[in-house]
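Summary of structural features
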Amino acid sequence: MASIATPTEPRASAVRGTDPGFIAKYSTQGPRYTSYPTALEFSEQFTVADYEQHLNTARNDAAPLSLYVHVPFCRWLCYYCGCNKVVTKKPGAGREYLDHIAIEIALLSQRIGNTRQVSQLHFGGGTPTYLDDAELTELIHLLASHFNLGDGKEREYSIEIDPRTVTPDRLALLRGLGFNRLSFGIQDTDPDVQRAINRTQRTDQIIDLVGAARSYRFSSISFDLIYGLPKQHCDTLNRTLDDIISLLPDRIALYHYAHLPTRFPAQRAIEKHTLPSSVEKLAMLRLANERLIEAGYVYIGMDHFVRPNDELARCQKEGHLQRNFQGYSTTLAPDVLGIGVSAISAIGDCYAQNSKDLTDYYRLLDAGQLPIDKGLIKSPEDQLRAYVIMQLACNLNISTQVFAEKFNISFWEKFADIQPKLEEMQQDGLIIIAHASITVTELGRMMLRNVCMVFDQYLKTQTQSYSKTI
Ligand code: SF4
């Protein structure tokens with residue numbers, strides 16, 4: 001059993017959060033925990049046969065299903081990009097992709113069946129709206145003819161929008177195709193920052209699109225912002241926040257820019273001296289936190305702010321928020337079926353990732369094979385640690401009692417080796433250790449990755465591959 005120390009006062013925590021020594025201590029590299037184990041642990045030992053077995057088992061599950069469709073193409077290269085994408089303006093790229101995705105959809109549907117209701121659908125990229133109207137319509141038709149697409153009010157059908165590739169008319173088409181949620185990639189509205197990242201988009205255009213989305217009754221509008229970009233500082237971010245807050249999006253994801261030029265070649269175009277320091281980045285994070293909370297948003301942790309009546313806030317309050325490869329999610333569908341190059345599926349206790357290479361993805365599908373490249377079947381140890389990490393990342397609390405009942409082992413016996421580290425985090429004001437729980441504090445929410453990392457047994461060899469936590 002852990003000792004119970006007096007938690008750090010919130011005011012003292014806030015002061016501590018700006019202390020350079022404190023920042024240096026917690027500014028390390030770590031995962032965002034959209035899965036545990038993370039994708040870096042996926043192995044080529046995981047075979048297509050393993051995946052097919054999991055798909056067949058999942059066929060009889062009564063729970064709804066989530067679909068993720070990855071469209072890798074982009075017309076322009078954003079210099080900060082760390083996504084799996086193909087920058088091209090080649091005519092016919094979308095056509096060739098659709099022809100192959102059709103094979104994959106048929107193969108998946110044969111194995112997992114078409115009875116499970118699809119309660120969540122997400123188109124991500126790349127740029128899903130790289131596809132033209134006819135191609136997007138065809139893609140939805142393919143999905144609808146192979147899966148049980150839901151039409152209930154509670155369904156969450158979302159698509160990532162690059163504002164440079166859509167018009168109000170295109171949004172009307174997306175609504176007609178059944179999408180009810182839009183996620184706009186905004187990043188920053190300052191012209192200098194936009195030039196430094198090679199992504200210029202006019203704010204008045206975004207205002208028009210948001211107005212159109214509201215008139216077409218999309219039920220949720222999300223914005224993605226990034227802090228830590230070149231040429232960005234508190235003043236520019238303040239103006240971006242003015243623009244954003246005035247548009248009242250339902251959700252805001254505020255991501256930390258991960259500068260990893262050895263891993264993501266696009267980032268080599270960014271000059272290092274134009275990047276803000278860790279201290280400046282923390283000041284920007286604090287500024288964004290303060291302004292968004294002041295504007296009425298709830299910080300649910302790990303980069304995400306939502307309006308208080310949003311389903312994510314409600315799920316967190318009720319203790320059943322979950323996290324998957326698209327970020328936070330409600331508990332509508334426990335299994336995620338990934339479709340498209342590089343897409344990751346989470347089916348039962350396995351993760352499976354499609355080939356990241358478009359040529360390879362096409363080759364495997366042309367041979368009539370699911371294009372799996374690697375994956376992982378979670379061990380009992382992985383499942384136990386995944387539970388703790390996801391509870392902390394999503395619900396900001398772990399009940400040691402529920403843990404003991406679920407896994408038939410005492411929490412404090414299991415994690416005796418990390419108890420000193422947890423106590424140190426309590427002294428630093430990140431968590432509160434009580435008799436039967438660990439709770440993440442306000443300050444701890446800002447360093448949620450650090451808290452989760454304590455329970456990650458794979459980190460020792462992998463930290464160099466992740467972005468900084470602050
Ligand atoms: S950030 Fe998005 S739009 Fe820009 S290049 Fe990367 S995937 Fe494409």
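Residues numbered from 1 in each chain as written. Predicted model: local features only at pLDDT ≥ 70, side-chain atom pairs only at ≥ 80, totals over all residues. Heavy atoms only, no water.

**Structural notes on the overall build of the protein chain**
Helices and strands together make up the secondary structure of the protein chain, namely 19 helices and 20 strands. What you see for the protein chain is a C-alpha radius of gyration of 22 Å, in line with the 23 Å of a compact globule of 470 residues. Across its three principal axes, the protein chain shows a C-alpha extent of roughly 60 × 50 × 40 Å. For the protein chain, the proportion of its 470 residues judged to be buried stands at 57%. In the structure as shown, the protein chain presents an accessible area of about 19,400 Å², 50% of it carried by carbon and sulfur atoms. On the protein chain, the mean spot of the 48 positive side-chain charges and the mean spot of the 54 negative ones are 2 Å from each other. (Helix = DSSP H or I, 4+ residues; strand = E, 2+ residues; numbered from the N terminus. Rg over C-alpha atoms; globule rule 2.2 N^0.38 Å. Buried < 20%, exposed > 50% of the residue type's maximum accessible area, 1.4 Å probe, protein only. Areas by Shrake-Rupley, 256 points an atom, 1.4 Å probe, with all protein chains shown as cover. Lys, Arg positive; Asp, Glu negative; His and termini not counted. Charge placed at Lys NZ, Arg CZ, Asp CG, Glu CD.)

**Thoughts on the site of the ligand**
The local shell around the ligand consists of Cys74, Trp76, Cys78, Tyr80, Cys81, Cys83, Gly126, Thr127 and Arg199. Considered class by class, the residues forming the shell around the ligand number six nonpolar, two polar and one charged. (Near = heavy atom within 4 Å. Nonpolar A, V, L, I, M, F, W, Y, C, P; charged D, E, K, R; others polar.)

**Section: the sheet that holds strand 20 (residues 437–440)**
Taken in spatial order, the three strands of this open sheet run 18-20-19, and their pairing is antiparallel. In this open sheet, the two edge strands, each paired with only one partner strand, are strand 18 (397–399) and strand 19 (431–433). Strand-to-strand twist in this sheet, taken as the mean axis angle between neighbours without regard to direction, amounts to 10°. Where strand 18 lies against strand 20, three bridges are found, and the strand directions are antiparallel. Paired with Asn397 across the two strands is Thr439, which belongs to strand 20. Lying over the sheet, helix 14 (residues 400–407) contacts strand 18 and strand 20, oriented at roughly 55° with respect to strand 18. (Pairing = 2+ DSSP bridges. Axes fitted to C-alpha atoms, helices over the stretch in contact; angles between N-to-C directions. Contact = heavy atoms within 4.5 Å.)

**A few points about the domain arrangement of the protein chain**
Interface size, as often reported, equals the accessible area lost upon joining of the parts. What the domain assignment reports for the protein chain is domain 1 (10–37 + 379–465) and domain 2 (39–377). Carbon and sulfur atoms supply 55% of the area buried between domain 1 and domain 2, which totals about 2,600 Å² over both sides. On inspection of domain 1 and its partner domain 2, the count reaches one salt bridge. Those elements that provide at least two residues to the side of domain 1 that touches domain 2 are helix 13 (380–395), helix 17 (442–446) and helix 18 (448–453). Among the elements that line the side of domain 1 that touches domain 2, the one with the most residues is helix 13, at six residues. Partitioning the side of domain 1 that touches domain 2 into residue classes produces 14 nonpolar, 12 polar and four charged. (Domains from an automatic or database assignment. Buried area = accessible area lost by both parts, 1.4 Å probe. Salt bridge = Lys/Arg side-chain N within 4 Å of Asp/Glu carboxyl O.)

**What to know about the packing of aromatic side chains**
Scanning the model with the defined rule gives 20 aromatic pairs in all. Centre to centre, the rings of Phe403 and Phe411 are 5.2 Å apart; their planes meet at 85°, and the pair counts as edge-to-face. Grouping aromatic residues by their ring pairs yields a cluster made of Tyr387, Phe403, Phe407, Phe411, Trp412, Phe415 and Phe455. Taking NZ or CZ as reference, Arg155 lies 5.0 Å from the ring centre of Tyr157, over its face. Lying over the aromatic face of Tyr297, Arg307 brings its terminal NZ or CZ to 4.8 Å of the ring centre. (Phe/Tyr/Trp six-rings, centres within 6.5 Å; stacked < 30°, edge-to-face > 60°. Lys NZ or Arg CZ within 6 Å of the ring centre and 35° of its normal.)

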